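# Chains, contacts and geometry: an overview
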Amino acid sequence: QVQLVESGGGLVQPGGSLRLSCAASGSIFSIYAMGWYRQAPGKQRELVAAITSGGSTNYADSVKGRFTISRDNAKNTVYLQMNSLKPEDTAVYYCNAELVVAGLGVPDDYWGQGTQVTVSS
């Protein structure tokens, strides 16, 4: 059984910063890509940032230069540092991991429960 547990969301003023964390635990053999998605009310879930096991990163155009994704492979943890936050960044942020469960041999997608980020004055 695999769990992804997010933390770090909250309320912040425009221009402020937040750091999200997501730790994967359970019977994990290996983790390929990890990433963050977000979903605002009435909108589809969208990719915010992703990072491979080798450290290659990919960002949505809307967050380039403001957000930074990183990971600690030894801790099976991915981070999202969010700076210069804007009201339009308000959404539920979900952690995603493409991983192989021990004994299964086939990668699959796993999701966290989501953490609310609200940017408002």
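Computed from a predicted model, the values in this text were never measured in an experiment.

Applying the stated criterion across every chain, the model contains four salt bridges. Arg-38 serves as the salt-bridge partner of Asp-89, at 3.0 Å between the closest nitrogen and oxygen. Taken together, the residues Asp-89 in the loop between strand S8 (77-82) and strand S9 (91-101) and Arg-38 in strand S4 (residues 28-39) connect sequence positions 51 residues apart. Overall, the relative accessible area of 0% leaves Asp-89 in the buried class. Between Asp-61 and Lys-64 there is a salt bridge whose closest N-O contact spans 3.1 Å. Here the salt bridges do not stand alone but share partners, grouping Arg-38, Glu-46, Arg-66 and Asp-89 into one network.

Take the environment of Ala-74 next. Position of Ala-74 among the secondary structure elements: in the loop between strand S7 (67-72) and S8. Once the C-alpha coordinates of Ala-74 and Gly-26 are considered, the two residues, 48 residues apart in sequence, prove to be 14 Å apart.

The subject of this paragraph is the state of the cysteines. Per the stated rule, a full pass over the model turns up one disulfide. Disulfide partner of Cys-22: Cys-95, at an S-S distance of 2.1 Å. Between Cys-22 and Cys-95, the disulfide has an S-S torsion of -80 degrees and is therefore left-handed. With Cys-22 in strand S3 (residues 18-26) and Cys-95 in strand S9, this residue pair connects regions lying 73 residues apart in the sequence. Side by side, Cys-22 and Cys-95 carry an identical accessibility label, which is buried.

Analysis parameters
Residues numbered from 1 in each chain as written. Predicted model: local features only at pLDDT ≥ 70, side-chain atom pairs only at ≥ 80, totals over all residues. Heavy atoms only, no water. Salt bridge = Lys/Arg side-chain N within 4 Å of Asp/Glu carboxyl O. Helix = DSSP H or I, 4+ residues; strand = E, 2+ residues; numbered from the N terminus. Buried < 20%, exposed > 50% of the residue type's maximum accessible area, 1.4 Å probe, protein only. Disulfide = S-S within 2.5 Å.

No statement about biological role is implied by the geometric values presented.
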